[in-house]
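# Structural features, examined
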Amino acid sequence: MATSQPASNPLKYLERYGQSVWLDAFRRGWVASGELGRLIEEDGVRGVTINPTIFEKAVSGSTDYDETIRRLFEEGLDARAVYDRLVAEDVQIAADLFRPVYDRTGGADGFVSIELPPAFAYDTEASVREAKRLHKLIDRENIMIKVPGTLEGAMAIEELTYDGINVNVTLLFSIDDYERVAYAYIRGLEHRLREGRLLGRISSVASFFVSRIDAAVDHRLEELLALPENDTRKSELQSLIGKTAIANAKMAYQRFKAIFYNERFVALGMHGAREQLVLWASTSTKNPKYKDVYYVEGLIGPRTVDTIPLQTLFAFRNHGEVRPTLEEDLNEAKDVLKRIAEAGIDLGAVTQKLQEDGVNTFQKSSDELMECLDAKQEAVASNTVDSQILRIGDYQSRVDYALAALSEQAFSRRLWEKDPSLWKQGPDGEKVINNRLGWLDIVGTMVERAPEINEFVAGAKDAGFKHAVLMGMGGSSLSPEVSRLTFGEKDGYPTLMVLDSTVPAAVLDIERTIDPAKTIFIVSTKSGTTVETLSAYKYFFEKVQAQKGEKASENFVAITDPGTPLEAEAKEKNFRKVFINFGDIGGRYSALSYFGLVPAALIGVDIDKLLLRAGRMVEASASCVQPADNPGVILGTVIAELALEGRTKMTLITSPELSSFGYWVEQLVAESTGKNGIGVTPVESEPIGSPDSYGDDRLFVYMRLASDTTTALDLDVKSLEAAGQPVVEIHMSDKYDLGQEYYRWEIATGAACALLGVNSFDEPNVKESKDNTNRFLAEFKEKGKLPEEKPVLEEAGIKLYCDEETKSVLDKIRTSGPHMGDTLLSYISAHLNQFQPGNYFALMAFVNYSKETDKLVQCMRGHLSNAYGAATTFGYGPRFLHSTGQLHKGGPNSGVFIQFTADDMEDVKIPEEIFSFSVLKSAQAMGDEISLRNWGRRLIRLHLGHDVVTEMSKVLDIINEAVKEQPE
């Protein structure tokens, strides 16, 4: 076996093995920015492919084409004609850029490929006619027309080759199909030669798709592994996973050699004919267990082309290993295909369906492109293209300066290259960052995984599940909660419930709502070890098992990272489905991965549509887009620069139907920015006050849904603007724009952290509360009880706790304040009066959610905000530990904290544990309390009785009384 070759740039080294690199993407902005030129010069990129999917993203997600679209529509062209002109111009621009490569290689390379309309995939005549029209329209020597490798396509290939048109045969999955189109190419050359026509300037490639084959075959292998009758052959089936695609490609390459190195083609070669090179397509990795450059590394060999998506290209440049792998282990490749057949998988049927699906996918993209152009026409005509509007007054110049600086630093390009030096790094910082940037290119990957999710959902519907219970914390639960509350219930789909609490009442509320036997449970945890999630899983597995016995596992689904204990557990117990997410995505950045999409799809959300919208924001954030034009970077720059000016309280105002989106933004921003004494405090669902009730520490972000016909919020926001408060407005066409907003905010948060000088992707202080909790649980296991603390005061069934240092501070304040007795009013008033300008109030409640509790807390927030001009936040525990908990401890010491705990009316035992949910919840509250104290945070704890609403009402009255003393 040849050893891997060291190379400063592995991409350039591929040339030494006779492999050409083409880019599987294009947009006009890459040319204008010079990025495509750099890829040609520095990385050896020698061609590019364009298809409707790529083009739709480029048009919908960028402003590159807006002026041209406006002009063409003004000329009276319809959407199809506009597409025609746009794509022709793009191909011409790209072809001119690659012309030097074409000339340098004597016409052997430097091509730009453009797709025929997918509607012609099964129509030979139409394909030939359209290919000739495009060839004449574009009028460049170095273009290839992409023709699907269907039976009808093969006949078109023969005729087009005869006519001297370069053809890129696409959507090839089977060796038989490959062989058919190879001979079609040869017949076209022979026909041409018989008529005495030249062969030397005709080129062709056969695009053989790779990773999609593994995705399909691996899915079938997983189904076989789940069958009890296959228990004895599990190791054999497992050994085949991830092997089919490369084995299939290697055998196709052997057919290439047999066809083009024999006498028949040699005779044509003597007249200048070029071989039809094999082109590897679909080489990005779809399975999170595989190396991100798995398919590029596995298919390196001479006389081949590899079309590589941009992110895979960056990854291979960074850590690809180069050696001639294409003809290694050929006997093993043959054996793999033989064993696949013996396992009962008809590879011919699989590849036929993949080709049909490929045509359908391109047709769908073509339809979406036409819809996009119609929408663009309306948008550019009314000058409403920009959905994000900044009204930030004098801060605009500072933001513009910062954006210019980011441009000088090549921020956009370095972000997509996953350069860890963009963020401040502590110990192991680079390692952490390198393992947390997979969200950048997850959208394209999940587009291809969506059929798998939709198939799972169809099976769940057929099984008759009435409810779905998502058990997760933080990043695993917040985007599902957004989907649940934003999209609601849909007929025929399960009703989703999210369990992200250890409060016994929360567990019992769900149990008493559902029939466990008719409920599908999603166990969702990145690490596979989250104590809250696994405790809930153990509890409900026991409940289902009591009803269904050995069939209990068919009610359970796992979403986790590769190699976690949960994956092993799920496979051992034969869960209905195990979704393995990509391990290089942090929890709070996982909304557009399996963690967010599976629960959404399960309740009827059209995840294809959600991903389409997200894909548009991906394009708007591409590496060629300058920071001043990148919506996410602009938003992040506003957040960071205003925070550096003291406006650290980012306050979210949303249309009512979008209110839950704030839960997700809160975690993303707080947990990403809140460390090293720095942090932006996200404020969500706070009652809107009068303009004069706010200090100068606010930035407002207003997210408005087009269907929101009320004007109340508009008027509130206009009043804030008139009062000099900085506002960013984000307009959403409908709820599916959540897809683009997830991505916008991820980009924004990464950019903000880079400007603030913190690592966006770690959470160093979250572990503290977990460690404290584990210590208290260990003490419970040893002594049978949790440690007890004496309250400072007990009044009307409410106990007040704080440490001695805090008590001393509060006593000093009480002696000079209006409330001087040993009363709750006295202590709470003193605690509130520790507030200083620029601080915020944080209320944290380890109690069960209820509308009554929510209403009471909102009243408290309103009183505090109006009296002190303060930002206020609220979180239910233990959920906030996985969200704002990092900011509370790692961010600036600017919070004034009130923690609520309460007695539980009922307790719930956790199977296999000696502690209950009540004990776990109490240990978590105590763990966070100790952690906040250790960081010197201003904190009191109010322990309520069994009647939370009544006791909370008493606290509200006390706060109301305390704030009356504040000056107007």
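No experiment lies behind these values; they were computed from the predicted model shown. Every chain's residues receive numbers from 1 upward, in the order its sequence appears when written. Residue-level local features of this predicted model are given only where pLDDT is at least 70; pairs of side-chain atoms are given and counted only at 80 or more, and the full residue set underlies all totals for whole chains, interfaces and linings. Note that water and hydrogens are dropped before the side-chain values are worked out from all heavy atoms of the structure.

## Quick notes on a negative patch on the surface
A cluster of acidic side chains, namely D78, D367, E371 and D374, defines a negative patch on the protein surface. Numbered from the N terminus, helices here are DSSP runs of H or I no shorter than four residues, and strands are runs of E no shorter than two. By the element assignment, D374 lies in helix α17 (residues 347-382). Candidates for patches are residues over 30% relative accessible area with no salt bridge; among them, like charges are joined within 9 Å and nonpolar side chains (Val, Leu, Ile, Met, Phe, Trp, Tyr) within 5 Å. Areas reported as accessible are Shrake-Rupley estimates using a 1.4 Å probe. Residue values count occlusion only from the protein chains shown. Each salt bridge in this description consists of a side-chain nitrogen of Lys or Arg and a carboxyl oxygen of Asp or Glu lying within 4 Å of one another. The positive count covers Lys and Arg only, the negative count covers Asp and Glu only, and His and the chain ends enter neither. A charge is said to be at NZ when it belongs to Lys, at CZ for Arg, at CG for Asp and at CD for Glu.

## Comments concerning the side chain of H882
Secondary-structure assignment places H882 in the loop between β22 (871-876) and α36 (885-890). Note on exposure labels: buried denotes an accessible area under 20% of the residue type's maximum, exposed denotes more than 50%, and partly exposed covers the range between, all computed with a 1.4 Å probe on protein chains only. Overall, H882 belongs to the buried group, its relative accessible area being 12%. Within the local environment of H882, its side chain forms a polar contact with the side chain of E532, the two groups lying 3.0 Å apart. The criterion used for residue contact is that any of the two residues' heavy atoms lie within 4.5 Å. If we skip the residues at most four places from it in the chain, H882 touches M473, G474, T530, E532, Q667, E671 and K770. Whenever a nitrogen or oxygen atom comes within 3.5 Å of another N or O atom, the pair is scored as a polar contact, on the condition that within protein one atom can donate a hydrogen and the other can accept it, and that pairs from neighbouring residues in sequence are kept only if both atoms are in side chains.

## Details of helix α12 (residues 244-260)
One full turn of an α-helix is made of 3.6 residues, so residues set three or four places apart face in the same direction. Multiplying 1.5 Å by the residue count of a helix minus one yields the expected span of that helix. Taking 1.5 Å of rise per residue, 17 residues should cover 24 Å, and α12 covers 24 Å from first to last C-alpha, within 8% of that figure. Most of α12 is tucked away: 13 of the 17 residues are buried.

## Considerations on the packing of helix α29 (residues 661-673) against helix α31 (residues 738-756)
If you want to describe how two helices pack, look at the angle between their axes and the distance between the axes. Two numbers describe how α29 lies on α31: the axes approach to 10 Å, and their chain directions differ by 20°. Taken together, the axes of α29 and α31 lie roughly parallel to each other. The handedness of the crossing between α29 and α31 comes out as right-handed. The segment α29 lies against α31, with F661, W664, V665, L668, V669, S672 and T673 engaging L738, E741, Y742, W745, E746, T749, C753 and L756. Only the stretch in contact is used when a helix axis is fitted, and all axes are lines through C-alpha atoms; the angle between N-to-C directions ranges over 0 to 180 degrees. An angle below 35 degrees is treated as roughly parallel, one above 145 as roughly antiparallel, one from 65 to 115 as roughly perpendicular, and anything else as oblique. Throughout, a crossing is termed right-handed when the near helix is turned clockwise from the far one, and left-handed when it is turned anticlockwise from it by less than a right angle.

## A look at the pairing of strand β17 (residues 698-705)
Burial analysis of β17 places 8 of its 8 residues in the buried class, the great majority of the element. Neither face of β17 is left uncovered, since the one carrying R698, F700, Y702 and R704 and the one carrying L699, V701, M703 and L705 both have all their residues buried. Relative to β17, strand β15 (residues 649-654) runs parallel, the two being bridged by 6 bridges. Bridging from a neighbouring strand, T651 pairs with F700 of β17. Crossover handedness is defined here as right-handed if the route from the first strand over the helix to the second strand goes clockwise, with the strands pointing away from the viewer. Read as a crossover between parallel neighbours, the route from β17 over helix α30 (residues 712-722) to strand β18 (residues 727-732) is right-handed. By definition, two strands form a pair when at least two bridges between them are found by DSSP.

## Things to note about the sheet that holds strand β9 (residues 388-391)
Where strands meet in a sheet, backbone hydrogen bonds hold them as pairs that are either parallel or antiparallel. An order of β9-β18-β17-β15-β16 is seen for the 5 strands of this open sheet, with the pairing classed as mixed. Two strands bound the open sheet, and with one partner strand each, they are β9 and β16 (681-683). Along the sheet, successive strands turn relative to each other by an average axial angle of 20°, direction set aside. In terms of strand pairing, β9 meets β18 through 4 bridges, oriented antiparallel. Residue Q388 lies in a different strand from β18, and its bridge partner there is I730.

## A few points about the packing of aromatic side chains
Classification of ring pairs rests on two measures: the distance between centres of Phe, Tyr or Trp rings, Trp counted by its six-membered ring, which must be within 6.5 Å, and the angle between planes, read as stacked under 30 degrees, edge-to-face over 60 and tilted in between. On inspection of all chains with the given rule, the structure shows 39 aromatic pairs. Ring-pair connections join several aromatic residues into one group, and the members of that group are F521, Y537, Y539, F540, F541, F556, F575 and F917. Above the face of the F776 ring, R775 is positioned so that its terminal group lies 5.9 Å from the ring centre. In this scheme, Lys NZ or Arg CZ marks a charge over a ring once it lies within 6 Å of the ring centre and within 35 degrees of the ring normal. For R879, the ring lying beneath its charged end belongs to Y663, and the centroid distance is 5.0 Å.

## Brief notes about the nonpolar core
As used in this record, nonpolar core signifies buried Ala, Val, Leu, Ile, Met, Phe, Trp, Tyr and Cys residues forming a set joined through side-chain atoms within 4.5 Å. In terms of nonpolar packing, the biggest core is built from 227 residues, with Y178, L373, I453, W664, Y743 and W745 touching the most fellow members. Every residue in contact with W745, bar those within four places of it in the chain, is listed here: L635, I639, M650, L652, F661, W664, V665, L668, V669, V701, M703 and I730. The next biggest cluster of nonpolar side chains, apart from the first, holds 39 residues, and it includes F841, I940, L942 and V963.

## Observations concerning unusual backbone geometry
With an omega dihedral of 5°, the bond running from G877 to P878 counts as a cis peptide bond. Structurally, P878 is set in the loop between β22 and α36. We note that S685 has phi near 60°; this positive angle belongs to a residue other than glycine. Relative to the elements of secondary structure, S685 occurs in the loop between β16 and β17. Of note, E912 is a non-glycine position whose phi angle comes to about 70°, a positive value. Structurally, E912 is set in the loop between β23 (895-902) and α37 (917-934).

## Considerations on the sheet that holds β22
The 6 strands lie next to each other as β19-β20-β24-β23-β21-β22, forming an open sheet whose pairing is mixed. The sheet is open, and its two edges are formed by β19 (793-795) and β22, each paired on a single side. Adjacent strand axes in the sheet meet at a mean angle of 20° when their direction is disregarded. Bridge analysis of strand β20 (residues 798-801) against strand β24 (residues 938-944) gives 3 bridges, and the strand direction is antiparallel. In the sheet register, K799 faces β24, and the bridge partner there is H943. Of the strands in this sheet, β19, β20, β21 (840-845), β23 and β24 touch helix α34 (residues 824-832), which is tilted by about 150° from β24.

## Some words on the side chain of D697
Structurally, D697 is set in the loop between β16 and β17. By relative accessible area, which is 4% here, D697 ends up buried. If we skip the residues at most four places from it in the chain, D697 touches G646, R647, T648, K649, G838 and N839.

## Remarks on helix α28 (residues 631-644)
Across its 14 residues, α28 extends 20 Å between first and last C-alpha, which sits within 8% of the 20 Å expected from 1.5 Å per residue. Most of α28 is tucked away: 13 of the 14 residues are buried. Two to three positions downstream of the cap, the backbone nitrogen of G632 sits 3.1 Å from a side-chain oxygen, assigning the N-cap of α28 to N630.

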